[in-house]
Amino acid sequence: MTMGAAEPATDIEQATLPGRAAALVELLRRNAARTEQDRCVAAENIAALDEAGLFSLTVPERLGGHQERIRTLVEVSSELGRGCGSTAWTTSLINISGWLIGLYPQRAQREVYAQDPGTRACAVLPPHGTGRTADAGSIVTGRWGFASGCLHARWALLGMTLTGERDERLDQALALVPMDQLTIEDTWHVAGMRGTGSNTLIADGVFVPDHRILSVTRALQGVYPTEFKDETLYRAAFVPTLALSLAGPLLGLARGAMELVLASLAMGRGISHTHYAQAREAPSTQMQLAEAASLIDTATLHLMRAADDVDSWAASGQCMPVVNRTRARMDIGTVARCSRDALDLLLSVQGARSFADDSPLQRIWRDLETGTRHAMVNPAIATEMYGRALLGIEDQVTPLI
């Protein structure tokens, strides 16, 4: 893996989806400060991503999408993360929402994509709402925070508890709802990942028909209602796939930081209060860069292993075993930890200037510190889950495996 300044993508490289993402990195970098200031991905970024087809990575091919592997999703998001963490995060979560829609019955899929395969959706998995059963559907009410991508979406997938007429719990589910039936409350005021616009969605008695309600309980068992059982992508393990969508942007942020620090060192700056006229000549600089590069390589290897494992089990047609699913979560926790540790070293190389308001490194630092605290990325929880699985302990810390 080459850690130097990125070379311009060739026409052949741009023909691949990760190549198209790489070709947009400089645009995203130019717009990163505006994306953060506006707390919304810049419209120019959205248009460029749309034109490159990078919002339809996981849309069924029969409906005009790319229907790509999970490996491709993490490769694309890690490229975009080099330019802007918020844009990469938003793009990845819009794509994983597309994957979720691909699990639904054909009728629901066609309602979303029949007119435009580039239609965007957002998703909030935790059951922050309720769906009371009604004739051929459910009446959905609730509030869902952290809805990344909602400012650019036309549909939303909302976690809820399904209840019966007497409020008895029936199931945990995801309701697929048009955004024009929801209200967005501006609640996303945070230190990092500001541009994701991860605000709160509100539903007040919205009717959702049965074909747009997906059982999370069955999905955790690898049972999806799509009629197209031969489509490998939509056999991927539920939670590992969702978690992987968060990891690519985190790796991309660390990669972007490395490129910025190397570019700064190439300009020949020195180290204050030392005799080093050029920081690049200092053994301390060289050692910290080497260690940061190795950590980024480690994060990359773990990320790609997890994605390949998910893809391989989906291709086999078998349900991914628990120990493999928890290992994927462990891999994702490793991506978070190694990316953070690499950035810490790079900030030390760059020094206090890293934290100037006009330095992109301080934004990368805030974005990475925020993104790696997502509950599904948590390295400590992932370690506990994996250890229990290795020991054959069935009583796990969460059903989300």
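Data block above holds the structure.
Criteria and thresholds
Residues numbered from 1 in each chain as written. Predicted model: local features only at pLDDT ≥ 70, side-chain atom pairs only at ≥ 80, totals over all residues. Heavy atoms only, no water. Helix = DSSP H or I, 4+ residues; strand = E, 2+ residues; numbered from the N terminus. Buried < 20%, exposed > 50% of the residue type's maximum accessible area, 1.4 Å probe, protein only. Areas by Shrake-Rupley, 256 points an atom, 1.4 Å probe, with all protein chains shown as cover. Pairing = 2+ DSSP bridges. Polar contact = N/O pair within 3.5 Å; in protein donor to acceptor, adjacent residues only side chain to side chain. Salt bridge = Lys/Arg side-chain N within 4 Å of Asp/Glu carboxyl O. Core = buried A, V, L, I, M, F, W, Y, C linked by side-chain atoms within 4.5 Å. Contact = heavy atoms within 4.5 Å.

1. Some words on the overall build of the protein chain
Moving on, step 1. Helices and strands together make up the secondary structure of the protein chain, namely 13 helices and seven strands.
Moving on, step 2. Principal-axis analysis of the C-alpha atoms gives the protein chain an extent of 80 × 50 × 40 Å.
Moving on, step 3. Here the protein chain, with 401 residues, has 56% of them falling under the buried criterion.
Moving on, step 4. A total of about 17,000 Å² of accessible surface is found on the protein chain, and carbon and sulfur atoms cover 51% of it.

2. Side note on the pairing of strand S2 (residues 137–147)
Moving on, step 1. Relative to S2, strand S1 (residues 121–134) is paired through six bridges, and the arrangement is antiparallel. The residue bridging Gly131 from the neighbouring strand is Val140, located in S2.
Moving on, step 2. Between S1 and the antiparallel strand that follows it, S2, lie two residues; Ala136 among them carries a positive phi value of about 60°.

3. A closer look at the side chain of Ser148
Moving on, step 1. Within the secondary structure, Ser148 sits in the loop between S2 and strand S3 (155–163).
Moving on, step 2. Polar contacts involving the side chain of Ser148 include one to the side chain of Ser198, which spans 2.6 Å.

4. Some remarks on the pairing of S3
Moving on, step 1. Within S3, nine of the nine residues are buried, which leaves it mostly tucked inside the rest of the structure.
Moving on, step 2. In S3, alternate side chains face the same way, and those of Trp155, Leu157, Gly159, Thr161 and Thr163 on one face and Ala156, Leu158, Met160 and Leu162 on the other are all buried.
Moving on, step 3. Bridge analysis of S1 against S3 gives eight bridges, and the strand direction is parallel. If you follow Gly131 over to S3, its bridge partner there is Leu162.
Moving on, step 4. Where S3 meets strand S4 (residues 169–178), nine bridges bridge the pair, whose relative direction is antiparallel.

5. Some points on the pattern of salt bridges
Moving on, step 1. Applying the stated criterion across every chain, the model contains 18 salt bridges.
Moving on, step 2. One salt bridge connects Glu111 with Arg107, and the closest N-O pair in it is separated by 3.8 Å. Of this pair, Glu111 and Arg107 are both found in helix H7 (residues 106–113), four residues apart, which corresponds to roughly one turn of the helix.
Moving on, step 3. Residue Glu111 is classed as partly exposed on the basis of its relative accessible area of 35%.
Moving on, step 4. Judged by relative accessible area, Arg107 falls into the exposed class, the value being 55%.
Moving on, step 5. Between Glu185 and Arg143 there is a salt bridge, with the nearest N and O atoms lying 2.8 Å from each other.

6. Examining the nonpolar core
Moving on, step 1. Among the nonpolar cores identified, the biggest contains 97 residues, and Leu54, Trp99, Phe238 and Leu244 are the most heavily contacted of them.
Moving on, step 2. The element best represented in this core is helix H9 (residues 238–266), accounting for 15 residues.
Moving on, step 3. Contacts of Phe238, omitting those with residues within four sequence positions, involve Trp99, Leu100, Leu103, Leu125, Leu174, Val216, Ala219, Leu220 and Tyr224.
Moving on, step 4. Listed in part, the 21 residues of the second largest apolar core include Cys122, Ala153, Met160 and Val177.

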